[in-house]
Amino acid sequence: MKNDDPRIGVFVCHCGTNIAGIVNVDSVAAAARTMPFVVHAEEYKFMCSDPGQALVRDAILKHRLNRVIVAACSPRMHEPTFRKATALAGLNPYLFEMANIREHCSWVHTDKVAATEKAIDLVKSAVAKARYLEPLESRYVNVEPKVLIVGGGVAGIQAALDIANGGTKVVLVERQQSIGGRMAQLDKTFPTLDCSACILTPKMVQAAQHPNIELMTYSEIEEVKGYVGNFTVRIRRKATFIDPKVCTACGVCIDKCPWKATSSFEEGLSKRKAVYRLFPQAVPGIPVVDKDACKYFENGKCKACEKFCEPHAFRWDDQDKIVEEKVGAIIVATGYDLIDPKLPSQYGYGKLKNVITGIEFERINNATGPTAGKIVTKEGKEPESVAILHCIGSRDRNHCEYCSRVCCMYALKFAHLIKEKTKATVYNFYIDMRCFGKGYEEFYHRLLEEGVKFIRGKAAYVTDQALTDAEQGKLIISAEATTLGKTLRVPVDMVILANAMTPQKDAADVARKFGIGRSPDGFFLEKHPKLEPVSTATDGVYLAGTCQGPKDIPDTVAQGAAAASVAMSLIQRGTVEVEAATAGVIDDLCSGCKICQDVCPYSAIGYEVDKRIAEINASLCKGCGTCAATCPSSAIVAKHFNDQQILAQIHALYAQEG
Amino acid sequence: MAEQFEPKIAVLCCNWCTYAGADLAGTSRMKYAPNVRLIRTMCSGRIDPSFVMTALKDGADGVLIAGCHPADCHYINGNHKTMRRFPVLHTMLAQFGIERDRVRLEWISASEGDRFVEVANEMTETVRKLGPLDWKSRTAAGNVA
Amino acid sequence: MRDFPSPLIEVSEMIADSGGSSLDLCYQCGTCSGTCPWNLVRDFRVRNIISLAQLGLEGYEGEDLWLCATCNACVDRCPRGVEIVDVIRSVRTIITQAGTSPKTLGAVLGSVKANGNPWSGDSNARLAWAEALQARPFTERSEYAFFACCTQAYDARNVKVGRAALKLLKAAGVNFGMLDGAEKCCGDAVRKAGGQELFDELSDSNIEMLDAKGVKKMIVGSPHCLNTFAKEYPDKGGRYEVVHMASLLAELIKSRKLRPTRTFDGGKVVYHDPCYLGRQNQVYDAPRELLKAVPGLELLEFARNRQDSVCCGGGGGRLWMETPIEERLAVLKLKEAVKMGATTLATACPYCVSMFEDAKTALDLDSFRVADVTEIIADAVEEVRPS
Ligand SMILES: Cc1cc2nc3c(=O)[nH]c(=O)nc-3n(C[C@H](O)[C@H](O)[C@H](O)COP(=O)(O)OP(=O)(O)OC[C@H]3O[C@@H](n4cnc5c(N)ncnc54)[C@H](O)[C@@H]3O)c2cc1C
Ligand code: SF4
Ligand code: SF4
Ligand code: FES
């Protein structure tokens, strides 16, 4: 294609002092004016602002620009903004190029001279490429009007309901046999102390009965393919050995099963049957057979359950099934795990039997839990004193550097519940009280009124080695009351560890499947910490809840709703723009060797038998350019990143002048 | 004291991981040697060995090729192709008598801003020690024009 | 008007500059105070020292400063990564430079300076303890050099441990040689007690001597030597592979070069983890394996052991300072040992041996035995007896 002579305009952004504080933007603009084909250059405080964008539009018209360069932040941030501004002035948006002089320059260098020199180089490189830019046509494809939600905790449930209520189909995939997540394990919830089950169960039931929600419990994601608007997902539905269409969920099989296994829902504090429900209010209520615990799978005998099953729902030959779903958007809401309380070994978890975790306490305090809601020690006695130890593994560089954000508050909740049910003295050992949410500080005040003892000092260790008579038979906490500057030994009957929230163990695997990044703490990384809190590095994949970082239920639910709204806005838009920068074949150069076919990850390259040349299917091509780098005849052009453009950048940066 | 040699390092990298990793280094305000300049491609699989040779010929003293970790390529497996091309590139360099360490291949993910900084600094130091590449005198002494 | 204390940031900076730079990371949680074993017997507010040092407020240089036994228990648990022992050492160094360190320590440092050892021992007689054993001198053909700790060379009780070590090494056919007596104290306690300059002299002299002889690998009997050679000498240019007797013995037994065959007759044994062997160098299993290899030996454990082990109170210069009997950690631990039915306390460090022998005397426990694991193995190996 023939172009008119390039007329390039360069706009240098100060980004307040973010760029201008290190890079001399005047020099950059001045240098740009001397570059080939540059007919206009200026600098401005905030190029991304409305007046900044207007500057671009006006200059295009006034100076008859046919190429535009903005030297500012990362193209990953504002390329879409400026492409739009370019298009508004009637120029093809692909005739725009960005020079990243913030993330790659002013923010990472301290030497002003070197940084300015580098910024000029980066502009030079962009100018060189711009000269060879070509207009490209945007293409659109339809969005599959269905959303996949992975993880049925309160985040996933909230997102599912919001989307379904808006009229869009949802597939909710949960790997456990019931939805509900961690919240289902909780007894009461701070700061209002509503009963967790009472507020969660109705939502769970609503999700199960909603005509727009398809619940796939006991299922996991095998594979994700495709791109925004058009994902294809393969889901493994694990064998349950009970036909859900036939089962009436009467539960007689559970009563009759003679075999037991440890209950994970009860945190190992009690047993459940080999055929079981995760918990009494489980949704769906249909039991599953745990193959590892069931005797029939061990020795071919038993089937005690089946004898009593009136509708004959057992299917002993049941097998895992793989189903395929096409969806337009994905919400990942896989939640959190807790740090192994044995890791900070000084607190004696696993060795001292009355040292328990917070989530264990939730179960102990719950009426359906292992002690039927009685707060008792392992010996079955009501404790005279209880210590709650904050920050176990959190805010600790030996374990998790971050704050888990919920422990201070649930420690207060526990203190209240213990006070309510027992006569025990309750101690909180804390570093700082972090009660930041609505009504949280007030809850703290209420607990002070209730006479809970607060010791400002992190518990150093727990021991059962008594030094005095008063310590005999007790668990003793060693800690400094830092406000007094005195080291205390506090004897108690029960110790509750507020152990840190962590990413799920398989977070790396899930991140890879969905193309999500992870922050240094291991949780999933949002696209922008302030402005795009639910988007990810992959378009069309969103985050909700604690998989993104520790948070309480109010924040989790809010994020679930936020993820629902961005997913919905994508679905409602109906179409998405797909890569215009695909690859193309120059027929005259192609020798028909087909080497490109082998390297294309999307099998987008066909073969035109008549002409004996390769042919690229633009709707399959994603524009990675691997074929272009491989073609021995240089017959493939990777549009927008073609050889001419990249070599021009290299020459601009490195060729010696003169 | 003699002024120390400031090597020119070209970074050819993919948009999705390494370019984003360098962005993260920026948003995290990490600091590294100003000697590197990034040239963005969509995937590391786009990086033609001739780009590397051109950069060296033009005047770069070292080239870093970088992309997503082996299983993480945004385009499934473009980076496998990069990996396979790399030994060929080293053979070419050897023919020209160019030190291996001048051209390096690294996998740097979008969340590894710190890794990007580390590699950028290491690369600058290594090449600083090797000294200017001076392509002309090498090819004159070598066998290929 | 009253005198208001006000921060002296220059003081804080000085402490940071002499090795305590992690000081500012502290968020005052008190884990260190709560962890520090001294609090089992008396109050010691580690956090307070850090807090005062952060602001350069008066008080950081007080009496308590010299209490720290550098056992590293707090450092291991500090959630912020504050190198607390380095901060304390840095403050001690500044005070020592100002000439106001405690008198007893002054005398010990004086002996180290004059004699190369803290025991006022004759520097020419450094090898006297080993004479009767006729161990070969170190030559280029020796694989290891045996570096005798000052305490094993001069302290009557610990000399026995040193001798047991030599006998075992000979019996196992280890290719080692003795240094010629020109070696000086490794400098660990000196440095931790604030004698940085003296430490520099000692380490320079030792490195020069070791390098001149071509020493590459060393056997040491003290975890303090182990730690200093392995972690502090490299910064000064001395790089050696160092192995502690307990680790070496464990290997020799595993490879069947030593066979402990005699049945143990000392009753139940409780093992005390020396801080510098365990927490500082993660050697927890080797000494236990050794003891378990002795026929008939029943091994007990302290309630707090391995990473959580309570210090004997002898590190960081404390060995030479007075501690009232009721405030001695070794006494507290010995009582625990007796209570659990142990009749022998085994350990693997000359300081620990000294501290527990003293505790034994203080408690009048005549029939109780304090022993280094080396001695227990020597007793169990046929070729080595009678000692
Ligand atoms: C002891 C304790 C007490 C608490 N008390 C309170 C309180 O009183 N008030 C309050 O506001 N907050 C409280 N919290 C916090 C609360 O638990 C969380 O905010 C909330 O549960 C987070 O919900 P979620 O949906 O993000 O994650 P989760 O509840 O963890 O749900 C995630 C779901 O995803 C599923 N899943 C995970 N991986 C996959 C996968 N790969 N494929 C399919 N499914 C998957 C899981 O099985 C789970 O069902 C407490 C936390 C603890 C530890
Ligand atoms: S443990 Fe560390 S952070 Fe806590 S008070 Fe001590 S030095 Fe400070
Ligand atoms: S004695 Fe041990 S725990 Fe106490 S301050 Fe010193 S190093 Fe820390
Ligand atoms: S997209 Fe990063 S290497 Fe392919």
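Since this is a predicted model, take the numbers as computed values, not measurements. (Residues numbered from 1 in each chain as written. Chains lettered and ligands numbered in written order. Predicted model: local features only at pLDDT ≥ 70, side-chain atom pairs only at ≥ 80, totals over all residues. Heavy atoms only, no water.)

**Re the overall build of chain B**
Across its full length, chain B holds five helices and four strands. Reading the helices (α) and strands (β) of chain B from amino to carboxyl end gives β-α-β-α-β-α-β-α-α. By the compact-globule yardstick of 15 Å for 145 residues, chain B fits well, its C-alpha radius of gyration being 15 Å. For chain B, the spread of C-alpha atoms along the principal axes amounts to about 45 × 40 × 20 Å. (Helix = DSSP H or I, 4+ residues; strand = E, 2+ residues; numbered from the N terminus. Rg over C-alpha atoms; globule rule 2.2 N^0.38 Å.)

**Quick look at helix α6 (residues 103–115) of chain C**
Residues and elements named next belong to chain C. The end-to-end C-alpha distance of α6 is 18 Å, a good match for the 18 Å that 13 residues give at a rise of 1.5 Å each. Taken together, the buried positions of α6 are Leu 105, Val 108, Leu 109, Ser 111 and Val 112. The buried residues of α6 occupy an angular sector of 155° when projected down its axis, which confines them to one face. Those residues of α6 that are exposed and angled more than 90 degrees off the buried face are Lys 103, Ala 107, Lys 113 and Ala 114. Looking at the buried residues of α6, the elements they touch are α5 (84–97), α9 (188–192) and α10 (196–213). Looking at the residues trailing α6, positive phi occurs at Gly 116, about 80°. (Expected span 1.5 Å × (residues − 1). Buried < 20%, exposed > 50% of the residue type's maximum accessible area, 1.4 Å probe, protein only. Arc of directions from axis to C-beta. Contact = heavy atoms within 4.5 Å.)

**A look at the sheet that holds strand β25 (residues 475–481) of chain A**
Residues and elements named next belong to chain A. Read across the open sheet, the three strands follow the order β24-β25-β26; overall the sheet is antiparallel. Two strands bound the open sheet, and with one partner strand each, they are β24 (459–463) and β26 (486–492). Mean inter-strand twist for the sheet, computed between neighbouring axes without regard to direction, equals 20°. With seven bridges joining them, β25 and β26 adopt antiparallel strand pairing. Its bridge partner lying in β26, Ile 477 is registered against Val 490. (Pairing = 2+ DSSP bridges. Axes fitted to C-alpha atoms, helices over the stretch in contact; angles between N-to-C directions.)

**A word on the site of ligand 1**
All names here are of chain A. The immediate surroundings of ligand 1 are formed by 38 residues, with Glu 174, Tyr 336, Lys 413, Thr 546 and Ile 553 found nearest. A distance of 2.7 Å is found between an oxygen atom of ligand 1 and a backbone nitrogen or oxygen belonging to Arg 182. Counting residues per element, the ones that place at least two in the shell around ligand 1 are α7 (154–165), β8 (188–189), β19 (336–338), α12 (358–364), α13 (407–421) and α16 (553–573). For the shell around ligand 1, the per-class residue count stands at 16 nonpolar, 13 polar and nine charged. In terms of domain composition, the shell around ligand 1 takes at least three residues from each of domain 2 (139–238 + 320–335 + 504–576) and domain 4 (338–502). (Near = heavy atom within 4 Å. Polar contact = N/O pair within 3.5 Å; in protein donor to acceptor, adjacent residues only side chain to side chain. Nonpolar A, V, L, I, M, F, W, Y, C, P; charged D, E, K, R; others polar. Domains from an automatic or database assignment.)

**A few points about the interface of chain A and chain B**
Contacts between the two partners involve 45 residues from chain A, matched on the other side by 46 residues from chain B. Between chain A and chain B the total buried area reaches about 4100 Å² when both faces are included, carbon and sulfur atoms providing 59% of it. Taken together, the links from chain A to chain B amount to five salt bridges. When the shortest N-O distance is used, the salt bridge between B:Arg40 and A:Glu79 registers 3.3 Å. There are 21 residue pairs in polar contact (both at pLDDT 80 or more) connecting chain A and chain B. (Buried area = accessible area lost by both parts, 1.4 Å probe. Salt bridge = Lys/Arg side-chain N within 4 Å of Asp/Glu carboxyl O.)

**Examining empty space enclosed by the protein**
Evaluated as defined, the whole model comprises 15 cavities of 30 Å³ or more. Space inside the largest cavity adds up to approximately 200 Å³. In this structure, the largest cavity is lined by 15 residues; those nearest its centre are A:Glu97, A:Met98, A:Gln649, B:Tyr19 and B:Leu38. Secondary structure elements with two or more residues in the lining of the largest cavity: β4 (96–100) and α6 (112–130) of chain A together with β2 (36–41) of chain B. (1 Å grid on protein atoms, 1.4 Å probe; cavity = no way out; pocket = protein on both sides within 12 Å on 5 of 7 lines; lining within 4 Å. Points joined across faces, edges and corners; volume = space filled by probe spheres on them.)

**What about the sheet that holds strand β4 (residues 241–244) of chain C?**
Residue and element names in this part refer to chain C. Here we have four strands laid out as an open sheet, ordered β2-β1-β3-β4, and parallel in their pairing. Edge positions in the open sheet fall to β2 (176–178) and β4, since each of these has one partner strand only. Each strand of the sheet is rotated relative to its neighbour by a mean of 35°, with strand direction disregarded. The sheet contact formed by strand β1 (residues 144–147) and strand β3 (residues 217–220) spans four bridges and is parallel. Note on β3: the bridge partner recorded for Ala 145 is Met 218. Sheet strands in contact with helix α11 (residues 223–232) are β1, β3 and β4, and its direction is about 165° off that of β4.

**Concerning the site of ligand 3**
Surveying the vicinity of ligand 3 reveals 13 residues, the closest of which are C:Cys36, C:Cys68, C:Ala69, C:Cys71 and C:Cys74. A per-class count over the shell around ligand 3 returns eleven nonpolar, two polar and no charged.

**Digging into the packing of helix α19 (residues 643–654) of chain A against helix α2 (residues 49–58) of chain B**
Interhelical geometry of α19(A) versus α2(B) gives an angle of 25° and a closest axis separation of 9 Å. The angle between the axes of α19(A) and α2(B) places the two elements in the roughly parallel class. Relative to α2(B), α19(A) is oriented so that their crossing is right-handed. Across the interface between the two elements, A:Asp643, A:Ile646, A:Leu647, A:Ile650, A:His651 and A:Tyr654 from α19(A) touch B:Phe51, B:Thr54, B:Ala55 and B:Asp58 from α2(B). For the contact of α19(A) with α2(B), the residue count by class is six nonpolar, two polar and two charged. (Parallel < 35°, antiparallel > 145°, perpendicular 65-115°, else oblique. Left-handed = near helix turned anticlockwise from the far one by under 90°.)

**Things to note about the interface of chain C and chain A**
Between chain C and chain A, the contact holds 27 residues from the first and 23 residues from the second. Regarding the contact of chain C and chain A, the summed buried area is about 2000 Å², with carbon and sulfur atoms giving 43% of it. Run the count over chain C and chain A and you get one salt bridge. In this structure, the salt-bridge partner of C:Arg47 is A:Glu480, at a minimum N-O distance of 2.5 Å.

**Looking at the pairing of strand β22 (residues 425–430) of chain A**
All names here are of chain A. For strand β21 (residues 385–392) and β22, the ladder comprises five bridges, and the chain directions are parallel. Across the sheet, the residue bridging to Ile 388 is Asn 428, located in β22. Taking the sense of rotation as the criterion, the β-α-β connection linking β21, α13 and β22 turns out right-handed. As defined by bridge partners, β22 adjoins strand β23 (residues 453–456) across four bridges and the pair is classed as parallel. Directly across from Phe 429, in β23, lies its bridge partner Ile 455. Crossover handedness for the path β22 to helix α14 (residues 440–449) to β23: right-handed. (Right-handed = clockwise from strand over helix to strand, strands pointing away.)

**So, the arrangement of the chains**
Counting contacts across all two pairs of chains found in contact, the highest total belongs to chains A and B. Chain C makes no contact with chain B, the minimum C-alpha separation between the two being 19 Å.

**Section: the domain arrangement of chain A**
Residues and elements named next belong to chain A. Domain assignment breaks chain A into domain 1 (8–136), domain 2 (139–238 + 320–335 + 504–576), domain 3 (240–318), domain 4 (338–502) and domain 5 (583–639). Every contact between the two is made by 17 residues of domain 2 and, on the other side, 16 residues of domain 3. Considering only the surface of domain 2 that becomes buried against domain 3, Gln 177, Gln 185 and Tyr 218 emerge as the three largest contributors, covering 43% of it. In this assembly, domain 2 and domain 3 are joined by two salt bridges. With a closest N to O distance of 3.3 Å, Arg 182 and Glu 267 form a salt bridge.

**Observations concerning the state of the cysteines**
Scanning the entire structure with this criterion turns up one disulfide over all chains. Two residues share a disulfide in this structure: A:Cys195 and A:Cys198, whose sulfurs sit 2.2 Å from each other. Judged by the torsion about the S-S bond (90°), the A:Cys195/A:Cys198 disulfide is right-handed. Judged by its relative accessible area of 51%, A:Cys198 falls in the exposed class. Looking at C:Cys185, it has no disulfide partner, and the nearest cysteine sulfur is the one in C:Cys150, 4.1 Å off. Among the residues examined, C:Cys185 registers a relative accessible area of 9% and is labelled buried. (Disulfide = S-S within 2.5 Å.)

**A few points about α10(C)**
All names here are of chain C. Given a rise of 1.5 Å per residue, 18 residues ought to cover 26 Å, and the 26 Å separating the end C-alpha atoms of α10 matches this to within 8%. Burial in α10 covers these residues: Leu 198, Phe 199, Leu 202, Ser 203, Asn 206, Ile 207, Met 209 and Leu 210. Down the axis of α10, the sector holding all buried residues measures 165°, keeping them to one side. Exposed and oriented more than 90 degrees from the buried face of α10 are Glu 197, Glu 208 and Ala 212. Buried residues along α10 sit against α6, β1, α9, β3 and α11.

**Focus on a negative patch on the surface**
All names here are of chain C. Together, Glu 10, Glu 13, Asp 17 and Asp 24 make up a region of like negative charge exposed at the surface. Residue placement: Asp 24 occurs in the loop between α1 (9–20) and α2 (31–35). Exposure remark for Asp 24: the relative accessible area of 53% places this residue in the exposed category. (Patch = residues over 30% accessible without salt bridge, like charges linked within 9 Å, V, L, I, M, F, W, Y side chains within 5 Å. Areas by Shrake-Rupley, 256 points an atom, 1.4 Å probe, with all protein chains shown as cover. Lys, Arg positive; Asp, Glu negative; His and termini not counted. Charge placed at Lys NZ, Arg CZ, Asp CG, Glu CD.)

**A look at the pairing of strand β4 (residues 103–107) of chain B**
All names here are of chain B. Counting buried residues along β4, five of its five residues qualify, which places the element largely inside the surrounding structure. By the alternation rule, side chains of β4 split into Val 103, Leu 105 and Trp 107 and Arg 104 and Glu 106, which are all buried. Pairing of strand β3 (residues 62–67) with β4 involves five bridges; the strand directions are parallel. By the bridge assignment for β4, Ala 66 is matched with Glu 106. After leaving β3, the chain enters helix α3 (residues 78–95) and then returns to the sheet as β4, a path that is right-handed.

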